[in-house]
Amino acid sequence: MVLFQKQEWVNLNNERLQKYANLLVRAGGNVQKGSPVVISSAVDDAYFARMVQDAAYDAGASDVTIDWTDDASVRAKFLRASSEVFDEFPEWRVAKLKYQDDKGSVYLRIESSDPDNLKGVESDRLQRFTKVASQATRPHAELMMSNALRWSIIALPSPAWARKVFPTITEAEAIDKLWTCILKAARADGDDPVAEWQKHRENFTKRVEYLNAQQFDSLHITTGLGTDFTVGLVQNHNWEGGGDIDKTGIPFFPNMPTEEVFTMPHRDRANGRVVASMPLTYQGNLIENFEMTFKNGIVIDYKAETNQDILKNLMETDEGARRLGEVALVANSSPIGQMGVLFYNTLFDENASAHLALGKAYPTNMQGAESLTTEQRTARGCNDSLIHEDFMFGTADMNITGIKPDGTEVNFFKNGEFDI
Ligand code: ZN
Ligand code: ZN
C-alpha cells in the first residue's frame, strides 16, 4: 500500500496549486485593492489556505482572516454535545458575520469535506441546527444571494473525500485522480486559468441572452428516466449563468466550477413527475433513486429508495421547502457531465446535469426584485424558505420545449444539448 505523503504531494503540485489559489482570488472573489477577505478552510488544508491568503494580499486585500474548520470537530459535536446546543446559534457568530459584511468582505471558501462526515448523526439534531443556523444567518445569506457581497467556493481533494469518490484504488492514487478531476472540472488545468474563465464567461452570454429574450411562460421537460414535468417561470424572469456581477459592477464567480444557466420557477406553477438522475447528498447522507410529483407548485408525493426520512426532513423544514426556487440547465457535454464521476458534492454534481432546487429562490432571477418587499415577491411567484437544495434530473436524452405566453412552442434543448 502506498501512503499519501501530503508534503510530497504539495511539492509536486506546487505550481498548479498556486495558479488555482490565484484563480479563486482573481476570477472567483475578484479581490480588489482595499477589500477585506475572509477565507474558510479546513485545518488540514492550511497549506492551500496560506497560498490563497498570499494571493489575496498580492491582489490588494487590506486584511485576510482565516476561519478554520475541521470535519472531526464538527462530527464530534453532533455525536457528543448536549442536545440543547442544537437549538441555538451563537450570537457572537452572527455578530462576527455582520461585522465582516458591514466592512464589505469578500468570502472565499475552500471545500474538501468528507461527504460521509455526518453519517450516523441523529437527523433530528441536524435538522434543528440547520434551522436555527439558517434563521440566524439569514441577513448574511440575503446579502450573498442578492450579490451585495462577493463570494466564491472552490474545492480541494482531501483523503476522505478522494477515498469516497474512488474507493477501489489506493488513497494516494485517489487523491491524484480527484485532483485531476477537480482541475478539469474547474477549467484550471491549462496554463492560464484566469484567462480561461474570461472565455467561459463570454460563452455563457449567448445562452443567457437568448433565453432572456424568449421570456418563456413555462418549460416542458422530459427524460428517458420518466421525468415529464412542466414548470412555470415567473413573469420578467432573469436567466443567469457564467458568474455574477455585484452591486458595484464588479464581476465574480460564486462557484468554481459552474456550467449552469438558471432562473426562477413560479412557486405555484410546477406540475408533473420529476425523476432524479443522480443521488442527492444532504447533511452527509446520500438520498438515492428518488422522485417527486408536483401539483400547483407543491410536492404532493415523493419516494426514495434510500434515506426517504432525510428527504422528508428536508421537505418539512418549512412551507417553502416543498416548492421550487431554481430551475437550471446544463449541457450533457459539460466537462463534469462527460467525466461521469459522482463527486458526492453539490458544487460538482449540480454542474453535471440539469437540476431543480427545493426552497429559496435567488431574487436576482426576477427583474426588479430588489425594490419589492418579500410579500410582493411572493405574490409574483418568488419562493422563500430556509433551505435551498439542488437535485439533479438531467440526462443525455433530455428534451425541453419552451412555451411562450401565446402558446408558441420552441424545442430549444434536444438530446441533452442546447440547440440555440
Ligand atoms: Zn444551480
Ligand atoms: Zn441551486
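Residues numbered from 1 in each chain as written. Chains lettered and ligands numbered in written order. Predicted model: local features only at pLDDT ≥ 70, side-chain atom pairs only at ≥ 80, totals over all residues. Heavy atoms only, no water.

Chemist: Help me understand the coordination of the zinc ion (ligand 2) in this model?
Modeler: Geometry sets the ideal angles at a metal, namely 109.5 degrees for four tetrahedral donors and 90 or 180 degrees for six octahedral donors. Protein coordination of the zinc ion (ligand 2) is provided by E326 (OE), H388 (NE2), D390 (OD) and D390 (OD), with donor distances spanning 2.0 to 2.6 Å. Geometry at the zinc ion (ligand 2) is irregular, judged from the 4 donor atoms that bind it and their angles of 53 to 133° at the metal. The distance between the zinc ion (ligand 2) and the zinc ion (ligand 1) comes to 3.3 Å, with E326 serving as a donor to both metals. Taken as a pair, E326 in strand β15 (residues 324–329) and H388 in strand β17 (residues 388–392) lie far apart in primary sequence, 62 residues in all. On the basis of relative accessible area, E326 is assigned to the buried category, the value being 2%. (Donors = N, O, S within 2.8 Å, 3.2 Å for Na, K, Ca; no water. Tetrahedral: all angles 85-135°; square planar, octahedral: opposite > 155°, others 65-115°. Helix = DSSP H or I, 4+ residues; strand = E, 2+ residues; numbered from the N terminus. Buried < 20%, exposed > 50% of the residue type's maximum accessible area, 1.4 Å probe, protein only.)

Chemist: Whenever I open this one, the packing of helix α2 (residues 14–28) against helix α10 (residues 193–214) confuses me. Can you help?
Modeler: The geometry of α2 relative to α10 is characterised by a closest axis approach of 9 Å and an angle of 45° between their N-to-C directions. By the angle between their directions, the pair α2 and α10 is classed as oblique. Of the residues in α10, those in contact with K19, N22, L23, R26 and A27 of α2 are P193, V194 and W197. Looking at the contact of α2 with α10 residue by residue, the classes come out as 5 nonpolar, 1 polar and 2 charged. (Axes fitted to C-alpha atoms, helices over the stretch in contact; angles between N-to-C directions. Parallel < 35°, antiparallel > 145°, perpendicular 65-115°, else oblique. Contact = heavy atoms within 4.5 Å. Nonpolar A, V, L, I, M, F, W, Y, C, P; charged D, E, K, R; others polar.)

Chemist: Just to check I follow, could you spell out the pattern of salt bridges for this structure?
Modeler: In a structure, side chains of opposite charge can pair up when their charged atoms sit close to one another. Considering all chains together, one arrives at 22 salt bridges under this definition. E259 is paired through a salt bridge with R187; the nearest N and O atoms lie 3.1 Å apart. With a gap of 72 residues between them, E259 in the loop between β9 (251–252) and β10 (261–263) and R187 in the loop between α9 (171–185) and α10 connect regions that are remote in the sequence. Of the residues examined, E259 reaches a relative accessible area of 7% and is grouped as buried. One salt-bridge network, in which partners are shared between bridges, spans R138, E142, K360 and D384. (Salt bridge = Lys/Arg side-chain N within 4 Å of Asp/Glu carboxyl O.)

Chemist: When you look at the coordination of the zinc ion (ligand 1) in this model, what are you seeing that I'm missing?
Modeler: Every protein donor of the zinc ion (ligand 1) is accounted for by E260 (OE), E326 (OE), E350 (OE) and H355 (NE2), and the metal-donor separations fall at 2.0 to 2.6 Å. One can describe the site at the zinc ion (ligand 1) as irregular: its 4 donor atoms subtend angles covering 76 to 157° at the metal. Here the donor residues of the zinc ion (ligand 1) share one chain and are spaced in sequence as E-x65-E-x23-E-x4-H.

Chemist: I keep staring at the nonpolar core and nothing clicks. Help me out?
Modeler: Note on soluble globular proteins: their nonpolar side chains tend to be buried together. Of all hydrophobic cores here, the largest spans 65 residues; its most connected members are L17, Y20, V37, F48, V52, F343 and F348. Sort the elements by how many residues they give to this core and α9 lands first, with 8 residues. Setting aside residues no more than four positions away along its own chain, V37 makes contact with V31, A56, A61, D63, V64, T65, V106 and L108. One finds L356, F391, M398 and I400 within the second-largest nonpolar core, a separate group that totals 43 residues. (Core = buried A, V, L, I, M, F, W, Y, C linked by side-chain atoms within 4.5 Å.)

Chemist: Explanation requested: the pairing of strand β1 (residues 36–42) in the structure shown.
Modeler: Remark: a regular strand shows side chains that alternate across the two faces of the sheet. In terms of residue burial, β1 counts as a mostly covered element, since 6 of its 7 residues are buried. Judged from the 7 bridges that link them, β1 and strand β2 (residues 63–69) form a sheet pairing that is parallel. In the sheet register, S41 faces β2, and the bridge partner there is W68. Taken together, β1, helix α3 (residues 46–58) and β2 constitute a β-α-β crossover, and its handedness is right-handed. (Pairing = 2+ DSSP bridges. Right-handed = clockwise from strand over helix to strand, strands pointing away.)

Chemist: Whenever I open this one, the sheet that holds β2 confuses me. Can you help?
Modeler: Pairing between the strands of a sheet comes from backbone hydrogen bonds, and it takes one of two forms, parallel or antiparallel. On the basis of which strands lie adjacent, the open sheet formed by 4 strands has the order β2-β1-β3-β4 and parallel pairing. The outermost strands of the open sheet, each flanked by one partner alone, are β2 and β4 (151–155). Strand-to-strand, the axes of this sheet are offset by a mean angle of 15°, without reference to chain direction. Alignment of strand β3 (residues 106–111) against β4, held across 5 bridges, turns out to be parallel. Bridge assignment links I110 to a residue of β4, and that residue is I154.

Chemist: Help me out: how do you make sense of the packing of aromatic side chains in this one?
Modeler: The description of two aromatic rings rests on the distance between their centres and on the angle between their planes. Within the structure shown, the criterion is met by 15 aromatic pairs. Taken together, a centroid distance of 5.4 Å and an interplanar angle of 80° make the contact between Y20 and W179 edge-to-face. Residue Y20 is found in helix α2, and its partner W179 is found in helix α9; the two are separated by 159 residues along the sequence. Judged by relative accessible area, which is 1%, Y20 ranks as buried. Through a chain of ring-to-ring contacts, three or more aromatic side chains come together here, namely W9, Y20, F48 and W179. Over the face of the ring belonging to Y344 we find K164, whose NZ or CZ atom lies 4.7 Å from the ring centre. (Phe/Tyr/Trp six-rings, centres within 6.5 Å; stacked < 30°, edge-to-face > 60°. Lys NZ or Arg CZ within 6 Å of the ring centre and 35° of its normal.)

Chemist: Is there a simple way to think about the sheet that holds β15 in this case?
Modeler: One open sheet holds the 5 strands; their spatial order is β7-β10-β15-β16-β17, and the pairing between them is antiparallel. In this open sheet, the two strands that pair with only one neighbour each are β7 (240–241) and β17. Here α10 sits on the sheet and contacts β7 and β10; the angle it forms with β10, its principal contact strand, is near 30°.

These figures come from the coordinates and say nothing about function on their own.
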